[in-house]
Every structure is written in C-alpha cells, then in structure tokens.
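Each chain, letter by letter, is given below.
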Amino acid sequence: MPDNASIIFVDDDINVLRGLRRRMMGQRPNWSLRFFESAEQALVGLDQEEADVVISDMRMPSMDGAEFLRIVAKRYPQTSRILLSGYADEVAIQNGTAATQHFLTKPCKDTDIIHAVERGLIMRRYLRDPILTDILSQLPERLAWPETFQRLHTILQFSGQKSRIELDDFARQHPGLTALALEQAKREQLVPHGQTMELIGLVSILGIETIKALCVLWSECGQPDILDPDHIDLKLHRPMVLGQMAASIARMQNMAYETVDHIRAAALLCHIGEVVIKQVRPEGYEASRRRADQDECDIISAEIAEMGFAHPGIAAGLCAYWGFPHEIVENIAFHHRPEAAPTSASQSLLIVYAAQHFARKAGVDGAARARKYDLASTFISQCGADRKWAHWEQSCISNHIPLDRVTH
C-alpha cells in the first residue's frame, strides 16, 4: 500500500474531524493527513499543497461537498474525490456524481473510509506509470478532453430546472448522441423498438455514467449527427455489444440500478484506448495487431511487446482524468487480466471481463480469437461464479446481435 500519501478531510463539525484525526493517524500513521473545517479552507490548502485524495462531507455551510468536489475536479483532475453523504442527501446529489469518484453513506466504518482511500491510491499509482503518463501527455486536446463531453459532463453535475433546460438544449444540438443512447436502450430491451425518447429520459433509464460513456464513444467517432441503426459503425457497435452483455449479466444478478450503470459504462469504454492508440501511434497499433496474428498471442502481450504499454492502461488513464468513479476505472484497467486487479473477487470486474470474453467468442472469428486468451479460471472461482458462467455465456450469445443483423 502506498506510504506517505496525502489525504485531506473536510467537515464543518470539529468533533468529527478530531475523531477522524485520532482514528486515521492510529491506523495509517504513514499517511500525511490534513483536516479542514470548510471547503474554502480546503481549497486554500490544496493551492498550497496538492493531495492524493480528498474526502468531503456533503452538508456544509457556504459551500456543500458536491460543489467543493466540482471545483477540485476542475483544478486538480488527478486527485481522487470521495463524498460522505447521509441518506437524506441522495436526492440532492443524484445528478452531481460527475465530480465524485466514490460515495460513502454515513454513518460508515473507519475501515470503509480506509478502503475507499486505498482503492483510489492504488489506481493513482497504477496510472502514474511513466510510459503511460508520457503517452497521455501527447494526446491532442480533442482526444484528451472532447469539448462536447466536457459540456455534457458539466451539465450532469447539477440538478434542477436549469440543468434540465441545458440538457434539452444540448440534446437538440447533438441529436446523434440521443440516437446512440436510444439504440443502446433498445438493444437491452429497455425501450420498445419504434419508440422515441428524449435524452433526459434516457439518462433516467441508462444512468449518468452510461450516458457519459456513450458521449465519449460518440465524440471519439466524429460526433455523427445521424445514426443509422441498420448500418452502425463497427467502432460503436463493438462497445455497445459489450455494454449490452455486461448490463444483461448484472441484471441477471439482480444488481442495483447504479451498479448496472457503472458496469455498463466500464464495458462501453474498455476499448477506448484502442481508438486513441490508433490515432496517436498508428504504426505501433498496426505492428501490435500483426504480432498478435503472427505469434497467435493475446493483444495485451502484443501491445506491450511492440509499444511498452497496452490499451487498458490508456483507457483507464483517460477515464480517471475524465472523472469516472474508481470502480469503473479499475474495471477498465483490468478487464483483460482481472486476477491482477487490486480489488480481489470484484463482482463488477468479473462481469465486465465476462462480457468481453463472451463478445469475443460471438464474433465472426470468435473461435480463433478465443484460443489466444486463457480463461481467468482462478478469478472466476474466487468470485464464486463457476456454476453461473455457462448460463451467462449461453444467455449473452443467444441474445447477441451481429452487426449484419442490427435491424429494427
């Protein structure tokens, strides 16, 4: 576990801060801990010295936790952000998740706080790989922070009538994104074929993180104004298949709406790193594909051999920068090799991994491609999914819609 990590706690209750100071310093003496009684004080502290993780209470005078973390996200995008909120706050912050990478519901145990912090620290250490950092620094602005995604990201951080008006205006200007979200909902049979729906309704059905993920895909594919579901681009079809399969498995497991949203978003963005590599390092991209075919090896091994990095790291690094929750970033980073993930026996990672495995087998050259990848049997067993696996596969493949059958 990373030592000498810099952690900031923000709460207007001095007694809460005193208790946190006493307990956290006793359990994690190597962490550098700072405590502030207001968001304003914490922002001054961050200006003086940045932090690895910020944990803020929701209800504070002058500036609440959601607004505070929105500012932190803008000024310090690499800082992990955790919000402590009571049940009564959920309605107030339900549209403010874009600035928060992890929620903890009060009251919570000290171990819950420590685990959330450690998860954020582990992902930061992973994403600070020098080669990965160098590649991300070379990305042009249109790839590193798409303007359309930035606008949607900002709109979704707020709730209320003004936010609804802005979202409606955004949807009118970008009908292609609404069409893409509607197509995803129809593929998952959440909306009947032939029915239309506004973007705000699709946000409610699919979830904020899914809409953000679809916006990323749509932006990186050129933001088409018109989306023909009968002739959809392979660059969109492939992640949509993964998203559909992952969401289907999550619903079979009776997972909560928010969990399904997070799992689907991770599956949708698993291969966004390939899109970026193809544009930034085209020679390395082609060389790694040739090596995978010639050596009959998996694509991760081929990418690392040719370029020194692999697409999951690029995708995870971007998604962390874009403010997606820790769990989504982790699931993207380890979707090829789940046994290497810092969180053991993660059900959400298992489902994302399963969706990719089943989608690969369902492809036109599925049998040949599947032979290159060893099944993560130990991880599947650790998650207690041995008996479920065959059922998941049968369900996903039987409901798979090949590109040439995408008709309505």
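Residues numbered from 1 in each chain as written. Predicted model: local features only at pLDDT ≥ 70, side-chain atom pairs only at ≥ 80, totals over all residues. Heavy atoms only, no water.

1. With respect to the overall build of the protein
- Counting its secondary structure elements, the protein contains 23 helices and five strands.
- Relative to the 2.2 N^0.38 estimate, which gives 22 Å for 408 residues, the radius of gyration of the protein is 21 Å and therefore close to what a compact globule would have.
- On the principal axes, the C-alpha backbone points of the protein span a range of 60 × 45 × 45 Å.
- Considering the protein as a whole, with its 408 residues, one finds that 55% of them fall into the buried category. (Helix = DSSP H or I, 4+ residues; strand = E, 2+ residues; numbered from the N terminus. Rg over C-alpha atoms; globule rule 2.2 N^0.38 Å. Buried < 20%, exposed > 50% of the residue type's maximum accessible area, 1.4 Å probe, protein only.)

2. As for the sheet that holds strand E5 (residues 102-105)
- Judged by pairing direction, the sheet is parallel, and its five strands sit side by side in the order E2-E1-E3-E4-E5 without closing on themselves. Of all the strands in the sheet, the pair left with one neighbour each is strand E2 (32-36) and E5. Neighbour to neighbour, the strand axes of the sheet diverge by 20 degrees on average, direction disregarded.
- Across the sheet, helix H1 (residues 14-27) is in contact with strand E1 (6-10) and E2; its angle to E2 comes to roughly 175 degrees. (Pairing = 2+ DSSP bridges. Axes fitted to C-alpha atoms, helices over the stretch in contact; angles between N-to-C directions. Contact = heavy atoms within 4.5 Å.)

3. Notes on the side chain of Ser6
- Residue position: Ser6 is located in strand E1.
- Here Ser6 falls in the buried class, since its relative accessible area comes to 6%.

4. Thoughts on the environment of Ala302
- Tracing the backbone through its elements, the reader meets Ala302 in helix H17 (residues 299-307).
- Judged by relative accessible area, which is 0%, Ala302 ranks as buried.
- If sequence neighbours within four positions are ignored, Ala302 has contacts with Ser288, Arg291, Ala292 and Cys297.

5. Focus: the confidence of the model for the protein
- In the predicted model, the protein carries a mean pLDDT of 86, and 92% of its residues have values of at least 70.
- Looking across the protein, the model is least confident in helix H4 (residues 90-93), with a mean pLDDT of 46, and most confident in helix H14 (residues 257-269), with 97.
- In the predicted structure, residues 90-96 sits below a pLDDT of 50 and forms 17 contacts with residues beyond four places in sequence or in another chain. (pLDDT = per-residue confidence, 0-100.)

6. Observations concerning the pairing of strand E3 (residues 53-57)
- Counting buried positions along E3 gives five out of five residues, so the element sits mostly inside the fold.
- On E3, burial covers both faces: Val53, Ile55 and Asp57 on one face and Val54 and Ser56 on the other are all buried.
- Where E3 meets strand E4 (residues 80-85), five bridges bridge the pair, whose relative direction is parallel. Note that in E4 the partner of Ile55 across the bridge is Ile82.

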